Amino acid sequence: MSPARMGFFTDTSICIGCKACEVACKEWNHVPEDGLDFTGMSYDNTAGLGADTWRHVAFIEQRRPLGLQEAGVAHDGADPSDPEARTALRWLMSSDVCKHCTEAACLDVCPTGSLFRTEFGTVVVQEDICNGCGYCIPACPYGVIDQRKGDGRAWKCTMCYDRLLVGAEPACAQTCPTKSIQFGVLDDLRERAAGRLDQLHAAGVTDARLYGHDPSDGVGGDGAFFLLLDEPEAYGLPPDPVVTTRDLPAMWRHAAVAALALASGVAASFLRAGR
Amino acid sequence: MAECHPVGFQWVMEAKSRGATVIHVDPRFTRTSALADMHVPLRAGTDIAFLGGIVNHVIQNERYFRDYLVAYTNAATIINENFADTEDLDGVFSGLDRENRKYDFHTWMYEGMEVQAASGSRDQEYQDRTGNGSSVSEAARGESHGSGGAAIGGEPETDPDLLHTRCVFQILKRHYARYTPEMVEEICGVPRDLFLRVCEALTANSGRDRTSAFVYSVGWTQHTVGVQYIRTAAILQLLLGNIGRPGGGIMALRGHASIQGSTDIPTLFNLLPGYIPMPHAHEHEDLDGFVQGEAPDKGFWAEMKSYTVSLLKAWFGPAARPDNDFCFDYLPRLTGSHSTYETVMAQMEGRCKGYFIVGENPAVGSANARMQRLGMANLDWLVVRDFSLIESATWWKDGPEIETGELRTGDIATEVFFFPAAAHTEKNGSFTNTQRMLQWHHAATEPDGDARSDLWFYFHLGRIIREKLAGSTDPMDRPVLDVTWDYPTEGPVDEPSADAILAEINGRDAEGRPLASYEQLRDDGSTTCGCWIYCGVYADGVNQAARRKPGGQQNWVANEWGWAWPANRRILYNRASADPDGRPWSEAKALVWWDPDQGRWTGHDIPDFSADKEPSYSPPDGARGAAALAGADPFVMQADGKGWLFVPAGLTDGPLPAHYEPQDSPFPNALYRQQRNPVRQVFSRRHNRYQPSGDEPGSDVFPYVTTTYRLTEHHTAGGMSRWLPYLSELQPEMFCEVSPELATERGLEHMGWATIVTARSAIEARVLVTERMTPLRVQGRTLHQIGLPYHWGPNGYSAGDAANELASISLDPNVHIQEVKAFSADIRPGRRPRGPALTALVEEYQRRAGITEKTGTEV
Amino acid sequence: MREPVMVPEAEFRSYYGKPVINEPVWQSPDIPGYLYLGGLAGASSALGLGAQLTGRPGLARPAKAAAAAAAGLSLAALVHDLGRPGRFYNMLRVFKPTSPMSVGSWLLAGYVPLAFVSAGTAVTGLMPAVGTAASAGAALLGPAVASYTAVLISDTAVPAWHEGHRHMPYLFVSSAASAAGGFGLLAAPRRQNGPARRLGMAGAAGELLLANAMEKQMGMAGRAYKEGRAHRWMRASEALTVAGLLGAGAGARRSRLAAVVSGAALLAGSAFTRWGVFEAGLQSARDPAHTVIPQRERLRRRPAPGG
């Protein structure tokens, strides 16, 4: 009997932006350093997921209130002593990761079978098979998987497949101090997330929403889903991703018709000549 | 806390999810603020005004926990009539000796009782208590006040109605009456509505059924009035009844793992293990004189002789005998303050010739980093033990002074030894956290190459020195030859057994059996104990610190995880969690209570009280030690068993906290004519110039307030993080944080460069313009603050200028900590000049501000 | 007055303007070259067989040779673009209909040897029966080789590629026809170039119409074809194709020079289309608006759950 499908629930409402997930991931998986770039993007100097970054913590400074939070700041000459005049401010943090889609485009388009679905329902690259064709990279609707410079192969989060095999949880989830990253049986996580969402809504954090939790979405639901406090695109996530291979049958049909058209066209060019 | 203690912050998040209100008071909107219910920005360096304002609010609105206050604090105690407050003397207390920058504390005493402090400057009273000569450095004070002093012992006069004009409560009330919400707004820049919301949240959540906790870090300590910051919080928590109770307290978050451990078994110059004071250099002082001078007669500190003798027995073994005062004379003697900064001064003056730097990087991490390097450049030898070639090990070839031409490598005579150090994963040992809890860690792997643990280094250094001295008849060598140095070693590199050392710290009885409690310690030499407060950590011959029983398998206090001093109690002074009759104040907050049937204290935690002392116990006349405290005196280390709102002894800078401006401040003190802490330590030196403050001419040359801090991604001065690619890439460059308004005012561009200038130096940083930095309204004008992380230095994988180049050496007089959390500065766009032009820029600023060797040194 | 520069508030639609999807790592000229050469080869195989069967050796021989050369080069380009070229054979480790690249690899595995044998026998005159069989096989697979590359790039999350998936195969085969016809014009004697001319002209006309229709139909993502380098490639392609079309129609029947010039124009025009499509994909991958805005639109149009 295969084990239950495992997943991540990342509750960004309790992420403190410590980036321990990024470091633990790199330590465990021997992911190389990704460049010393001062980006000016708040405290995010990682910038995004890639071959050398499998967990990425986004930092978003916004002139919006976080529920009933009092930020205490006053800008543009506002009088700080006037509660009405003070500036709204919130600082969102979110640890992004491979979504381990139910319908995974990267896995679908991989021509070598290097990408495969594990017994835990996760999507993993076999580094000894990948020949670096790069097809999975533009196929991913989330911009997760990428090619490693100087290595040529595609790399991404494995949900610590090796740890799962020995009954341990992924490094990022284990190190997360506030349990913003939760690992477990996907169905359980979805239940927990729904409860947390209700709790936040009751606490006045009406911006809270789940992302990637719905099995009826364009990728059949994510194995790694999120509780966000803003539109997904604010975090660099696509608002309505659809696995590209949903359209593949249509594409093949069009391609077949086109091929026939070409053959007919060539034939026609001779038919007229024979007249 | 989320920034520097993310692991501990999980419990704040847990509390928040259970309904706790989280308030974050900080000049910057940080990762902690992001998760808090309320962020209260304030001007760095004004927390006493803020907290004092809350104290005033609590008193004026009678929001204190009266029953607790009257029974458990010294609120009712009457102070002698010679005491004069800052209210009377416009900002200073009675007893100020302006010439010598010292307070004589005698006028702060209780009426009718002399008390000795449980910590702090206990040698203050040596002369009074022994009639002998005082410490060399303290001689001046002793002479000026004669030998009169207050009577030793006795009972203090009290007024349980708290109405006597000289009772602590009334003094407190008068002292803080001027700390109004308006004054808080004026000084701190905290809007009144925010301030009152904090007051309301705190007082509504304190009392019989609820408790609130304070958490602080070096943002409170690193000031010229740092100790008094914490004192203000202590006053507030005592008023609200939040000490000794679950969910209450004041948590000091430490800068490193086991900083608590390194004060318990100290690396500090003025303490012996377990907070026994280091003896001062008094003439003809023997062990009894020492104990008489430094220890109180009541409470557990009255047994100081047992603790000291057991320590000497642990250190000198059979050589410590009653007839030689247990080798008390082997202990070094203090001749004054020998803090790290005074050591630097001594280096520059050529009096300190050799220096060990272990797990520290003063060339980056200490205030006025240049002074640190100039001091080291004047040494004969320097030993650095660290993971990497930190700046403190390489300043002589590539430090900033080489670049400016102030030092030339060829001229530096210091011989520098670098020893690679093992990491905590490569050695056994314990960490002691802020909850005083020891947790054992086991080596996971052998250290690489020549890297060795500190334990290995010092054990073998001692072994080799002892071998070289073997057979010496010189009495000077006796302490080294007599010291017990027989630790078993193990493994391929002869690593001393950390377990054996823990057993020695725990102590043994006359038969060599492990002790279980410090109450077993004796002053006759029959017991040994390396640190009396740790006695019991090896009870039953078991390493109690290595216990890891999961929380789910024990009660919520979890006493079976690790081991906490004293006696594995998790909440200190927890007798205060029950009312004077021994019943919990409320069911919700029950922790320990008196069980009349058993005739014992019992509860969830281990009672921090004599187990069978009834609540109604009243000490007989002449009682001493713990027996001299009543059954309703929870603060068992204190000589009067009370929590001290007012501190009659032990502090060098006043019995009550008063707001003073930082050493370098762009604002005058709005509360008193006294601008700064009158007894702060200042060191006017060529490379340590202070800046004009307040209304002084030239103050406007440095119009902004700067604060330094850490980021989650790096560790302190960078020795453990800047060499690691995985951490360096997360925060790759030194930067400064400024508001959009300051950026506009000074022409700073996001991601561009800025130069920050003080009278000491100028550094450059990348600019992060962010609305998390907010302008404040202070004393009628807009104040901008500059945030500077202090992790960077010129070496390492991620390098940059060090913020501590900018800070002055100006110290808190109690604990000699530097003021780096608030100082004024200027900021300008662009990179800093290189080479001698850098020195010229700083000199130009000094000229413009009219800075002389006298600037900022006034009392 | 200039706005003060600061940590930009992340706009609703993107995270600091960062792309949502990762940009393809495929390199130029490898991959646009591969798209182009596959088309040229596939259509040329069909053209070659037709020429052979209708007795136009002057057209058949160069068409088959071009097919073999283009097929060989395209395979080389594909292998060269791999991150681990030494592992190219892993392509044949599995057959995955969900992976156009796997289908294409098997297709090429069948087609390339046929194209080589077809060209080899045509040039040397050896084993004519085998040659004819191989040519027939290559002509059968050729159109598939020409059209599958459209699926290859459309089956991605790249908006400028995926959103064109209904037009791309037709555009690609038109472009392939234009290229093959163009090469026929260039290489075949004037009297045998009729089919090449007609094929080229039909292909060119289709290429022009379909490129236009595709850009219009794909909405937001179509903007990628109107900007930057992709725009320059597409406009250059348009100009060359129009020129080739007009030249072929007006003079290729009469003038060898006109045939050569118009043939070259069609060849180049076809190549530029592939480069244009390729560049448009990279540009739209880099622009988060191309990903976010159409998805937002889609969400807005979708009825709310329960409503």
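The notes below deal with the structure included here.

Cut-offs applied
Along each chain, residue indices are assigned from 1 in the same order as the chain's sequence is written. Note on labels: chains are lettered from A, ligands numbered from 1, in written order. Local features in a predicted model are, by the rule used here, given only for residues with pLDDT of at least 70; side-chain atom pairs are given and counted only at 80 or more, and totals for whole chains, interfaces and linings are based on all residues. Calculated side-chain values reflect all of the structure's heavy atoms, with hydrogen atoms and water omitted. Each Phe, Tyr or Trp ring, with Trp reduced to its six-membered ring, pairs with another whose centre is within 6.5 Å; inter-plane angles below 30 degrees give stacked pairs, above 60 give edge-to-face pairs, and intermediate values give tilted ones. Each helix corresponds to a stretch of at least 4 residues labelled H or I by DSSP, and each strand to a stretch of at least 2 residues labelled E; elements are numbered beginning at the N terminus. Buried means the residue's accessible area, taken with a 1.4 Å probe over protein chains only, is under 20% of the maximum for its type, while exposed means over 50%, and partly exposed covers the values in between. By the criterion adopted, a ring carries a charge over it if an Arg CZ or a Lys NZ lies within 6 Å of its centre and within 35 degrees of its normal. For two strands to pair, DSSP has to find at least two bridges joining them. To get an axis, fit a line to the C-alpha atoms, keeping to the stretch in contact for a helix; angles then go from 0 to 180 degrees between the N-to-C directions. Contacts: residue pairs with any heavy atoms within 4.5 Å of one another. In this description, buried area is defined as the sum, over both parts, of the accessible area (probe of 1.4 Å) that is lost when the two are combined. Throughout this description, the term salt bridge denotes a Lys or Arg side-chain nitrogen within 4 Å of a carboxyl oxygen of Asp or Glu. Patch definition: residues above 30% relative accessible area lacking any salt bridge, with like charges linked at up to 9 Å and the nonpolar side chains Val, Leu, Ile, Met, Phe, Trp and Tyr linked at up to 5 Å. For every accessible area listed, the method is Shrake-Rupley and the probe measures 1.4 Å; residues are considered covered only by the protein chains on display. Here a polar contact is recorded for every N or O atom pair within 3.5 Å, except that within protein the pair must consist of a potential hydrogen donor and a potential acceptor, and residues adjacent in sequence are included only if both atoms are side-chain atoms. Here the word oblique covers every angle except those under 35 degrees (roughly parallel), over 145 (roughly antiparallel) and from 65 to 115 (roughly perpendicular). Less than a right angle of anticlockwise turn of the near helix away from the far helix marks a crossing as left-handed, whereas a clockwise turn marks it as right-handed. Gly is placed with the polar residues, together with every amino acid not listed as nonpolar (Ala, Val, Leu, Ile, Met, Phe, Trp, Tyr, Cys and Pro) or charged (Asp, Glu, Lys and Arg).

**Focus on the packing of aromatic side chains**
Piece 1. All told, the structure shown has 59 aromatic pairs over all chains when counted by the stated rule.
Piece 2. When the centroid spacing of 5.1 Å and the interplanar angle of 20 degrees are considered together, the rings of A:Phe9 and A:Phe225 count as stacked. Of the two residues, A:Phe9 sits in strand S1 (residues 6-11) while A:Phe225 sits in strand S10 (residues 224-228), which places them 216 residues apart along the sequence. Comparing A:Phe9 with A:Phe225 shows no difference in burial state: the two are buried.
Piece 3. Relative to B:Tyr307, the ring of B:Trp301 lies with its centre 6.2 Å away and its plane at 70 degrees, an arrangement referred to as edge-to-face.
Piece 4. On the accessibility criterion, B:Trp301 (3% relative accessible area) is buried.
Piece 5. By relative accessible area, which is 2% here, B:Tyr307 ends up buried.
Piece 6. Counting every residue linked through ring pairs, the aromatic cluster contains A:Phe38, A:Tyr43, A:Phe59, A:Trp91, B:Phe735 and B:Trp792.
Piece 7. Over the ring of B:Phe328 we find B:Arg333, and its NZ or CZ is 4.5 Å from the ring centre.
Piece 8. Here the basic side chain of B:Arg772 rests over the ring of A:Trp91, its NZ or CZ set 4.0 Å away from the ring centre.

**Topic: the pairing of strand S20 (residues 704-709) of chain B**
Regular strands show a simple pattern: their side chains alternate between the two faces of the sheet.
Residues and elements named next belong to chain B.
Piece 1. Within S20, six of the six residues are buried, which leaves it mostly tucked inside the rest of the structure.
Piece 2. The two faces of S20 match: Tyr704, Thr706 and Thr708 on one face and Val705, Thr707 and Tyr709 on the other face are all buried.
Piece 3. Pairing of S20 with strand S28 (residues 823-829) involves three bridges; the strand directions are antiparallel. Considered in S28, the bridge of Tyr704 is made with Ala825.
Piece 4. Inspection of the sheet shows S20 paired to strand S26 (residues 785-789) by five bridges, in the parallel sense. Along S26, the bridge assignment pairs Tyr709 with Pro789.

**Topic: the sheet that holds S1(A)**
Hydrogen bonding along the main chain pairs the strands of a sheet, whether they run parallel or antiparallel.
Residue and element names in this part refer to chain A.
Piece 1. Here four strands make up an open sheet; going across it, the order is S8-S1-S10-S9 and the pairing mixed. Only two strands of the sheet have a single neighbouring strand rather than two, namely strand S8 (181-185) and strand S9 (209-211). Averaged over all pairs of adjacent strands, the angle between their axes in this sheet comes to 20 degrees, without regard to strand direction.
Piece 2. Strand contacts of helix H6 (residues 186-202): S1, S8, S9 and S10, with the helix running at about 135 degrees to S8, the strand carrying the most contacts.

**Side note on the interface of chain C and chain A**
Much of the literature gives interface size as the accessible area that the parts lose upon coming together.
Piece 1. The interface of chain C with chain A comprises 73 residues on the first partner and 75 residues on the second.
Piece 2. Of the roughly 5,900 Å² buried between chain C and chain A on both sides combined, carbon and sulfur atoms contribute 60%.
Piece 3. Ranking the residues of chain C by area buried against chain A places C:Tyr15, C:Asn22 and C:Val25 at the top, with a combined share of 12%.
Piece 4. Our enumeration of links across chain C and chain A arrives at five salt bridges.

**Let's talk about a nonpolar patch on the surface**
Residue and element names in this part refer to chain B.
Piece 1. A cluster of nonpolar side chains, contributed by Phe356, Trp381, Phe417, Phe419, Tyr458, Leu461, Ile465 and Val480, occupies part of the molecular surface with about 620 Å² of accessible area.
Piece 2. Listed by contribution, the elements that provide at least two residues to the nonpolar patch are strand S11 (415-420) and helix H21 (454-469).
Piece 3. Residue contributions to the nonpolar patch peak at three residues, all from H21.
Piece 4. Assignment of secondary structure puts Phe356 in strand S9 (residues 354-358).

**Thoughts on the interface of chain B and chain A**
Piece 1. Contacts between the two partners involve 56 residues from chain B and, on the opposite side, 50 residues from chain A.
Piece 2. Around 4,000 Å² of area is buried between chain B and chain A when both sides are counted, 59% of it from carbon and sulfur atoms.
Piece 3. When the buried area of chain B at its contact with chain A is split by residue, B:Tyr726, B:Glu729 and B:Glu771 rank highest and sum to 19% of it.
Piece 4. A:Glu61 serves as the salt-bridge partner of B:Arg772, at 2.9 Å between the closest nitrogen and oxygen.
Piece 5. Between chain B and chain A we count 27 residue pairs in polar contact (both at pLDDT 80 or more) in total.
Piece 6. Elements with a minimum of two residues in the side of chain B that touches chain A: helix H1 (6-17), helix H2 (31-35), strand S2 (38-40), helix H10 (192-204), helix H24 (725-728), strand S21 (735-738), helix H25 (740-746) and strand S23 (762-769) of chain B.
Piece 7. Of the residues forming the side of chain B that touches chain A, the biggest block, six residues, is contributed by H1(B).

**Digging into the packing of helix H9 (residues 181-188) of chain B against H10(B)**
Residues and elements named next belong to chain B.
Piece 1. Where H9 contacts H10, the axes come no closer than 9 Å and their chain directions differ by 120 degrees. If you check the angle between H9 and H10, you find them oblique. In the crossing of H9 with H10, the sense of the turn from one axis to the other is right-handed. Contact residues: H9 offers Pro181, Glu182, Val184 and Glu185, while H10 offers Arg192, Phe195 and Leu196.
Piece 2. Among the residues making up the contact of H9 with H10, the classes are represented as four nonpolar, no polar and three charged.

**What about the sheet that holds strand S16 (residues 563-564) of chain B?**
Residue and element names in this part refer to chain B.
Piece 1. One open sheet holds the three strands; their spatial order is S12-S13-S16, and the pairing between them is antiparallel. In this open sheet, the two strands that pair with only one neighbour each are strand S12 (429-432) and S16.
Piece 2. Pairing of S12 with strand S13 (residues 437-441), which is carried by four bridges, proceeds in the antiparallel orientation. Bridging across to S13, Gly429 finds its partner in His441.

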